[in-house]
Structures are given as structure tokens and as C-alpha cells.
Amino acid sequence: QLQLVESGGGLVQPGGSLRLSCAASGFTFSNYYIGWVRQAPGKGLEWVSDINGDVTRTNYADSVKGRFTISRDNAKNTVYLQMNSLKPEDTALYYCARDLTGWGEYDYWGQGTQVTVSS
């Protein structure tokens, strides 16, 4: 059964850190890019970051560059998003999704994990 399950969200103060995880199953994980996409309250989807299957390429939105780091462990079928120096504007529901081509054509999504940055 194909699954993407996010975890690690929560409430954090501005300037704090969180690490999100995306655990995959039911497909050949290393064949796929995995991306993170977020949706802030009342706003549309915003692409955050992605990583290719052999961990040679990572990409970031300008809004998170230098603060977030994406990584993956293919032995554990898991992708991580380390988020540092969090800002209130990072508050959103964070989804991971898979992409075979690397062109942002996400064909399967997880259920999301909530990140709230507030004092």
C-alpha cells in the first residue's frame, strides 16, 4: 500500500527549530524525488524544497533558503526537513509528496503535519 506519512510538526517559538519526517512505503523510494509543500491558513500551496532519489540534488524556495535543510535516508525510506530560525510566516500545514520526474509533478501526497510558529 502506497503511503507517505509526515510527522514532527508542533508549536515552536520564533527562532526555534523543528525536524519534519516523511516516511514512505509501497513504492521504490529511491526512484522518486520527494518534495515538501506547505499551505498557510487561508493561502494557497507553496513549494518549499525537494530532493532527488540519489541525494545529489536539493532545491529550496527563496523564502526558506539558508534556514531549512532537506535530506533523505533511502535505507529508511524517509525524507527529513530540518527547519531552523523559524518565523511566524512559516506557520502552515506541511505536506510531503513524491515526484518521478523532478518537475514538481507530484502524484501522491501525505496527509500533512501542522507547524505553528508563535510566541
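Basis of the calculations
Residues numbered from 1 in each chain as written. Predicted model: local features only at pLDDT ≥ 70, side-chain atom pairs only at ≥ 80, totals over all residues. Heavy atoms only, no water. Helix = DSSP H or I, 4+ residues; strand = E, 2+ residues; numbered from the N terminus. Rg over C-alpha atoms; globule rule 2.2 N^0.38 Å. Salt bridge = Lys/Arg side-chain N within 4 Å of Asp/Glu carboxyl O. Buried < 20%, exposed > 50% of the residue type's maximum accessible area, 1.4 Å probe, protein only.

## Quick word on the overall build of the chain
For step 1, the next point in the chain: Looking only at helices and strands, the chain features zero helices and 11 strands.
For step 2, the next point in the chain: The order of helices and strands in the chain, counted from the N terminus, is β-β-β-β-β-β-β-β-β-β-β.
For step 3, the next point in the chain: For 119 residues, the compact-globule estimate of 2.2 N^0.38 gives 14 Å, and the chain sits close to it at 13 Å.
For step 4, the next point in the chain: For the chain, the spread of C-alpha atoms along the principal axes amounts to about 40 × 25 × 25 Å.

## A closer look at the pattern of salt bridges
Side-chain pairing between opposite charges can occur once the charged atoms of the two side chains come close.
For step 1, the next point in the chain: Under the counting rule described, the total for this entry stands at five salt bridges.
For step 2, the next point in the chain: Note that E46 is salt-bridged to R38, the shortest N-O span being 2.7 Å.
For step 3, the next point in the chain: A salt bridge links R98 to D107; the shortest N-O distance between them is 2.8 Å.
For step 4, the next point in the chain: We classify R98 as buried; its relative accessible area is 10%.

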